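One-letter residues, chain by chain:
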Amino acid sequence: MQENPQFMPESLPLIPLRGLVMFPGMLLHFDAGRDRSIAALNHAMDKGKEILLVTQKDIRVEDPKGEDIYEIGCTAKIRQMLKVNDSEVKVLVEGGKRVFIHRIIEAEKFHIGEFTEVLPKGIRANALYKEAAIRHLKALFEDYAAVAPRLPNNVVMTIRATNSLSFISDFI
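Quick look at the structure, then.

About the cut-offs
- Residues numbered from 1 in each chain as written.
- Predicted model: local features only at pLDDT ≥ 70, side-chain atom pairs only at ≥ 80, totals over all residues.
- Heavy atoms only, no water.
- Salt bridge = Lys/Arg side-chain N within 4 Å of Asp/Glu carboxyl O.
- Helix = DSSP H or I, 4+ residues; strand = E, 2+ residues; numbered from the N terminus.
- Buried < 20%, exposed > 50% of the residue type's maximum accessible area, 1.4 Å probe, protein only.
- Axes fitted to C-alpha atoms, helices over the stretch in contact; angles between N-to-C directions.
- Parallel < 35°, antiparallel > 145°, perpendicular 65-115°, else oblique.
- Contact = heavy atoms within 4.5 Å.
- Nonpolar A, V, L, I, M, F, W, Y, C, P; charged D, E, K, R; others polar.
- Pairing = 2+ DSSP bridges.
- Phe/Tyr/Trp six-rings, centres within 6.5 Å; stacked < 30°, edge-to-face > 60°.
- Lys NZ or Arg CZ within 6 Å of the ring centre and 35° of its normal.
- Polar contact = N/O pair within 3.5 Å; in protein donor to acceptor, adjacent residues only side chain to side chain.

## A few points about the pattern of salt bridges
- Applying the stated criterion to the full structure yields 13 salt bridges.
- Between E62 and R18 there is a salt bridge, with its nearest N and O atoms 3.0 Å apart. One end of the pair, E62, is in the loop between β3 (50–55) and β4 (72–85); the other, R18, is in the loop between β1 (10–17) and β2 (27–32), with 44 residues separating them in the sequence.
- Exposure remark for R18: the relative accessible area of 34% places this residue in the partly exposed category.
- One connected set of salt bridges, linked through shared partners, spans R36, D63, K65 and E106.

## Thoughts on the environment of R150
- Turning to its location among the elements, R150 is positioned in the loop between α2 (127–147) and α3 (153–161).
- Each C-alpha atom of the pair R150 and K138 lies 18 Å from the other, and the pair is twelve residues apart in sequence.

## What about the packing of α2 against α3?
- Between α2 and α3, the least distance of the axes is 10 Å, while the angle of their chain directions is 170°. Classified by the angle their axes make, α2 and α3 are roughly antiparallel. Residues K138, F141, E142 and A145 of α2 pack against V155, V156, I159 and R160 of α3.
- In terms of residue class, the contact of α2 with α3 is built from five nonpolar, no polar and three charged.

## Details of the pairing of strand β5 (residues 88–106)
- Examined bridge by bridge, β2 and β5 share six bridges and lie antiparallel to one another. Bridging across to β5, A32 finds its partner in V89.
- Two elements, β4 and β5, share eleven bridges in a ladder whose sense is antiparallel. For K77, the partnering residue across the bridge sits in β5 and is E94.
- By the bridge criterion, seven bridges tie β5 to strand β6 (residues 111–117) in an arrangement that is antiparallel. Paired with V99 across the two strands is E117, which belongs to β6.

## So, the pairing of β6
- With respect to burial, β6 is a largely interior element, five of its seven residues being buried.
- With five bridges joining them, β1 and β6 adopt antiparallel strand pairing. Considered in β6, the bridge of S11 is made with E114.

## Description of the packing of aromatic side chains
- All told, the structure shown has two aromatic pairs when counted by the stated rule.
- Summarising the aromatic geometry, the rings of F141 and Y144 are spaced 6.0 Å apart at their centres and angled 40° between planes, so their arrangement reads as tilted. Placement of the pair is F141 and Y144 together in helix α2, with a separation of three residues, close to one helical turn.
- Ring centres 5.4 Å apart and planes at 25° place the aromatic pair F167 and F171 in the stacked group. Taken together, the residues span about one helical turn, with F167 and F171 both in helix α4 (residues 165–171) at a distance of four residues.
- Residue classification places F171 among the partly exposed positions, given a relative accessible area of 35%.
- A cation over a ring is seen here: K57 above Y70, with NZ or CZ 5.7 Å from the ring centre.

## Observations regarding the side chain of T116
- Inspection of the secondary structure assignment puts T116 in strand β6.
- Only 2.7 Å separates the side chain of T116 from the side chain of H102, close enough to count as a polar contact.

## Let's talk about the side chain of Q56
- Mapped onto the fold, Q56 is located in the loop between β3 and β4.
- On the basis of relative accessibility, which here comes to 2%, the residue Q56 falls in the buried class.
- Reaching out from Q56, the side chain makes a polar contact with the backbone oxygen of V61 at a distance of 3.0 Å.
- Contacts of Q56, omitting those with residues within four sequence positions, involve P16, L17, R18, R34, V61, P64, D68, I69 and Y70.

Without other data, these values stay purely geometric and don't point to any function.
Shown next, in the form of structure tokens:
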């Protein structure tokens, strides 16, 4: 992981996600079963309910280290946590900000990620190009929605109602 001396990094307990990617504004349910993940969740519940979620590169790795985890992740607020048994927890989180992870500290009980927020740069194009891109994305999504019978109507309505290119791309 690279150091960025321009910003003072924040830190949060980190959970590597297997086969899942978290985005800002997204609600996500997942099960946590690894001891380190459960310890990170318990710590976060005691300290403000903020957690750092990052996708791991290979879902077969049982105890991922820094090189096994992507550098871009997302902070999340724990909305609900339900202990199923001693070795499994069900969690509902809401995505916060997209972040760049500078360093992963392997503490005794769980990983801690040091990060800075990734600020959107936006598309460097004129307003006409942006409007065309938004219309095109919406049309493609409408085509997808027509063949996806389980897609809730409120998802389609959310896409129709927004004019933010970054929100549409994250949401889809």
